Amino acid sequence: MTGNSNKEPRKNIIEQIRSWLGLENPPQKYGVPQKSGFNLWYILLFFLFVTLIQQFFLPPKVETIPYSQFKQYVAEDKVGTLTIEPENIRGTLTGKTGQEFTTVRVDDPGLVKDLNDHNVSYSGRYANKLLGFIMAWIIPIGIFFLIWRFSMKKMGSGMGVMSIGKSKAKIFAESETKVSFEDVAGIDEAKEELQEIVEFLTNPGKFQKLGGRIPKGVLLVGPPGTGKTLLAKAVAGEAKVPFFSISGSEFVEMFVGVGAARVRDLFSQAAKQAPCIIFIDELDALGKARGMNVMGGHDEREQTLNQLLVEMDGFDTNKGVIIMSATNRPEILDPALLRPGRFDRQVLVDRPDINGREAILKIHAKNVLLGPEVDLRKIAGRTPGFVGADLANLVNESALLAARKDKETVEATEFDEAIDRVVGGLEKKNRVMNAREKEIVTFHESGHAIVAESVEHADPVHKISIIPRGIAALGYTQQQPTEDRYLMTRTELLDRLAVLLGGRVAEELVFDEISTGAQNDLQRATDIARSMVTEYGMSDRLGLVTYERARQPMFAPQGFAPSKTYSEEKAAQIDKEIARLVDEAHQRVRKILTERRDVLDKLAQLLSEKESVQGEELRAMMADS
Ligand code: ADP
Ligand code: MG
Ligand code: ZN
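Calculation notes
Residues numbered from 1 in each chain as written. Chains lettered and ligands numbered in written order. Predicted model: local features only at pLDDT ≥ 70, side-chain atom pairs only at ≥ 80, totals over all residues. Heavy atoms only, no water. Helix = DSSP H or I, 4+ residues; strand = E, 2+ residues; numbered from the N terminus. Buried < 20%, exposed > 50% of the residue type's maximum accessible area, 1.4 Å probe, protein only. Contact = heavy atoms within 4.5 Å. Near = heavy atom within 4 Å. Polar contact = N/O pair within 3.5 Å; in protein donor to acceptor, adjacent residues only side chain to side chain. Areas by Shrake-Rupley, 256 points an atom, 1.4 Å probe, with all protein chains shown as cover. Donors = N, O, S within 2.8 Å, 3.2 Å for Na, K, Ca; no water. Pairing = 2+ DSSP bridges. Axes fitted to C-alpha atoms, helices over the stretch in contact; angles between N-to-C directions. Salt bridge = Lys/Arg side-chain N within 4 Å of Asp/Glu carboxyl O. Lys, Arg positive; Asp, Glu negative; His and termini not counted. Core = buried A, V, L, I, M, F, W, Y, C linked by side-chain atoms within 4.5 Å. Phe/Tyr/Trp six-rings, centres within 6.5 Å; stacked < 30°, edge-to-face > 60°. Parallel < 35°, antiparallel > 145°, perpendicular 65-115°, else oblique. Left-handed = near helix turned anticlockwise from the far one by under 90°. Nonpolar A, V, L, I, M, F, W, Y, C, P; charged D, E, K, R; others polar. Expected span 1.5 Å × (residues − 1). Patch = residues over 30% accessible without salt bridge, like charges linked within 9 Å, V, L, I, M, F, W, Y side chains within 5 Å. Charge placed at Lys NZ, Arg CZ, Asp CG, Glu CD.

Visitor: Describe the overall build of the protein, and please don't skip the residues or the numbers.
Guide: When helices and strands are counted, the protein shows 22 helices and 14 strands. Counting over 625 residues, the protein shows a buried share of 39%. Partitioning the intrachain contacts of the protein with sequence separation of at least 6 by distance along the chain shows that 71% fall at a separation of at least 24.

Visitor: I'd like to hear about the site of ligand 1, residue by residue, with values.
Guide: Neighbouring ligand 1 are 15 residues; A185, G225, K228, T229 and H364 lie closest to it. Backbone polar atom of A185 to a nitrogen atom of ligand 1: 2.7 Å apart, as the coordinates give it. In this structure, an oxygen atom belonging to ligand 1 sits 3.5 Å away from a main-chain N or O atom of A389. Burial of ligand 1 by the protein chains amounts to 78% of its free accessible area of 560 Å².

Visitor: Which residues make up the coordination of the zinc ion (ligand 3), and what values go with them?
Guide: Looking at the metal site, the zinc ion (ligand 3) is ligated by H444 (NE2), H448 (NE2) and D521 (OD), spaced 2.0 to 2.1 Å from it. Summarised as a motif, the one-chain spacing of the donors to the zinc ion (ligand 3) is H-x3-H-x72-D. A residue pair is termed a helical-turn pair when its members lie 3 or 4 positions apart in one helix, as H444 and H448 do in helix α17 (residues 435–454) at four residues. Exposure remark for H444: the relative accessible area of 6% places this residue in the buried category. The exposure class assigned to H448 is buried, which follows from its relative accessible area of 9%.

Visitor: Talk me through the sheet that holds strand β2 (residues 79–84); I want residue IDs and the actual numbers.
Guide: What the five strands build is an open sheet, ordered β1-β4-β3-β2-β5; its pairing is mixed. The open sheet terminates on both sides in strands that have one partner only, identified here as β1 (62–64) and β5 (121–124). Each adjacent strand pair in this sheet contributes to an overall mean axis angle of 20°, direction not counted. Relative to β5, β2 runs parallel, the two being bridged by four bridges. Following the sheet pairing, L82 is matched in β5 by Y122. On the sheet, helix α3 (residues 67–75) packs against β2, β3 (88–93) and β4 (100–104) and is oriented at approximately 125° with respect to β4.

Visitor: Go over the pattern of salt bridges, please, and point to the residues and values.
Guide: Counted by the stated rule, this structure contains 26 salt bridges. Between E616 and R619 there is a salt bridge; the shortest N-O distance is 3.5 Å. In this pair, E616 and R619 are both assigned in helix α22 (residues 615–624), three residues apart and thus about one turn of the helix distant. Looking at E616, the relative accessible area reads 54%, which means it is exposed. Via salt bridges that share partners, K405, K407, E411, E414 and E417 belong to a single interconnected network.

Visitor: Now, about the environment of S247: what can you tell me, with residues and values included?
Guide: Assignment of secondary structure puts S247 in strand β8 (residues 243–247). Distance from S247 to L286, taken between C-alpha atoms, is 8.9 Å for residues 39 residues apart in sequence.

Visitor: So what's going on with unusual backbone geometry? Residues and values would help.
Guide: In this structure, E282 is a non-glycine residue whose phi angle is positive, near 50°. Its location among the elements puts E282 in the loop between β9 (276–281) and α11 (284–287). Among the residues examined, E282 registers a relative accessible area of 36% and is labelled partly exposed. You will see that D406, though not glycine, has its phi angle at about 55°, which is positive. Along the chain, the position of D406 falls in the loop between α15 (388–404) and α16 (412–429). For D406, a relative accessible area of 69% gives the class exposed.

Visitor: Give a detailed account of the side chain of K191, specifying residues and quantitative values.
Guide: As for its placement among the helices and strands, K191 is situated in helix α6 (residues 188–202). Despite its burial, K191 pairs with no opposite charge; the closest candidate is D188, at 4.1 Å N-O. Setting aside anything within four residues of it in sequence, one finds K191 in contact with F181, V184, A185 and L231.

Visitor: So what's going on with the nonpolar core? Which residues, and what values?
Guide: Generally speaking, a soluble globular protein has its nonpolar side chains buried in company with each other. Membership of the largest hydrophobic core comes to 47 residues, with the highest contact counts inside it found for I450, I464, L593, L603 and L618. Of all the secondary structure elements, the ones that give two or more residues to this core are α17, β12 (461–465), α18 (490–511), α19 (519–534), α20 (568–595), α21 (597–610) and α22. At ten residues, the largest contribution of residues to this core is made by α18. Setting aside residues no more than four positions away along its own chain, L593 makes contact with G447, I450, V451, G502, V505, A506 and L509.

Visitor: Which residues make up the packing of aromatic side chains, and what values go with them?
Guide: Following the criterion strictly, the structure yields seven aromatic pairs and no others. A ring pair is formed by F145 and W148, whose centres lie 6.3 Å apart and whose planes are at 35°; its orientation type is tilted. Of this pair, F145 and W148 both sit in helix α5 (residues 129–155), three residues apart, which is roughly one turn of the helix. Take F145: its relative accessible area is 45%, and that puts it in the partly exposed class. Measuring from centroid to centroid gives 5.6 Å for F443 and F511, while their planes differ by 90°, and the two rings are edge-to-face.

Visitor: Describe helix α13 (residues 354–364), with residues and values.
Guide: When we look at burial in α13, the residues that qualify are I354, G356, R357, E358, I360, L361 and I363. Packed against the buried residues of α13 are α14 (376–381), α15 and α21.

Visitor: I'd like to hear about the packing of α21 against α22, residue by residue, with values.
Guide: Their axes nearest at 10 Å, the elements α21 and α22 cross at an angle of 150°. It follows from the interaxial angle that α21 and α22 lie roughly antiparallel. Crossing of α21 against α22: the hand is right-handed. Between α21 and α22, the contacting residues are V599, K602, L603, L606 and K610 on the first element and E617, L618, M621 and M622 on the second. In terms of residue class, the contact of α21 with α22 is made up of six nonpolar, no polar and three charged.

Visitor: Go over the environment of M538, please, and point to the residues and values.
Guide: Structurally, the position occupied by M538 is in the loop between α19 and α20. Those residues in contact with M538 that lie beyond four places of it in its chain are M488, T489, R490, L493 and M532.

Visitor: Could you give an account of α19, naming the residues involved and the relevant values?
Guide: Spanning 16 residues, α19 covers 22 Å between terminal C-alpha atoms, matching the ideal 22 Å at 1.5 Å per step. Those residues of α19 that sit buried are D521, A525, I528, A529, S531, M532, V533 and T534. Next to the buried residues of α19 lie α17, α18 and α20.

Visitor: I'd love a proper account of a negative patch on the surface, names of residues and values included.
Guide: Judged by side-chain charge, D188, E189, E192 and E193 come together as a negatively charged surface patch. Here E189 shows up in helix α6.

Visitor: Which residues make up the pairing of strand β10 (residues 321–327), and what values go with them?
Guide: Summarising burial for β10: seven of the seven residues are buried, a large majority. Burial along β10 is two-sided: V321, I323, S325 and T327 facing one way and I322, M324 and A326 facing the other are all buried. Here five bridges tie β9 to β10, and the two strands are oriented parallel to one another. Across the sheet, residue C276 finds its bridge partner in β10, namely V321.

If you want it as structure tokens, here you go:
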């Protein structure tokens, strides 16, 4: 319905006429869209035209006179000729003017006798029934038909009644998806994981021979602008297969059942083109968990989602159709979408680190004339937290600034200015750290990591990063469990407690000062300590008694809340015991980090240069010192 959304809104007829007449138009009401889908002027002109023709063909200056006057003319012998129609009488007067007249016929049996008496020549005539019929029926129907045709065309093929169930997936044939892996940088891990999909699409036989099962659906997860859509296109481009792309929101239509029909149609179209990729962008618009809506829910969306699940189940990957999808809100997706046989492979598309940012800048600066002193590495260093889309925007802004100043090349000053602009925009959206904050975070995360590597039972460190994530976390240390665990021993819990305190203690040691950044760590540490005391009976002083029942169901009525099963005195003892556990862990961590101070400094230094450090690098560093 957005046929002319790109033009300026057209005034409606009444307004146009008012403005012709010099009247002021009332201000437009909000929320009343100007939907002049077809041009009313054509119809107005048409009617004008018809009227003119009638004027032209009908003899002019016909006077309508009362019947009594007509009778008088007859009596005075003033009437020349007469035509008597069933309803009217037309005639001309004698004399020079030959004035025509018409009058409405009344029931007058004596008329013919009168006319004969006065020698008037008269004839009868039936009104042209055919003409009347055409005027009354054919023309209005014709006009409506034309209007209908016109508005259908305006609404576009996508909205027509005929094509309502057809999917809007665009087919990007291989020649059109010119994106390749070379156009994507900074997300190498994701690229590596998708390499396998490319191989499968180019050579499906090789995998089938070995009986391997190829994942049916690949879900790209990551913050907005990190290049998920780009990556999906690159996979299609690399594999040289058709690429069907549709956005999740396009499935959710006004009419119930349309979305489901679209899904069906999309999959049947794709099956005919195999091998190919179906890409559903912004999956969260469609795949929100069902049953979350208390007010009766969104039936249409649920139906569409169900249809998608059905189609994915019924799909045989051996046909060579891979379903890819992207979302930046994986947590709200319906769990059914993530089950095996559906989007069972999830690929994290994370924010790029400094090397990644430099590579992305290189890609986007390829077609820009850079001044000799522009150092992309430096620019990458100044833009922590930027995603690919931000960097592309940055290069573009700089080029525009240079053009505005009539420069031959884009110089460092333009980049500086553009960074300030883009950062200004970003600061509202998510935080960009200043230098001091960054220093604190590097030591904080280094502390976590070193403690994790020093204590016996903590999971080994996978990756340390100070690239801001989400709103709360400024950095993170990723540990990778070596095996599935169902039970934890006391020592393991104490080690975990130590790792959680590592960040805070590092800040203490280095800065003699503590920040608010450790709040979440302390919360979790306290939780562990509390559970050890009150649930697991792991405290020497309080013994094997548990003080906490298993959690009650979330929505149990008020009266059902479990009351404390212990006295105030015990409560104070429990608190003391928790404090003691945390305190002991604190002392222990302080000792570890003081001994490892050299590694702490070195790791923090490396982290501030590279923004992310792999676990192996840390282990090598610790072994060296
Ligand atoms: P997403 O789908 O994750 O929100 P897009 O794929 O739409 O992000 O990215 C928007 C644009 O930003 C891309 O068209 C590209 O120009 C640029 N971009 C984003 N990530 C990258 C990247 N990793 N490498 C190169 N360009 C990128
Ligand atoms: Mg996208
Ligand atoms: Zn922390």
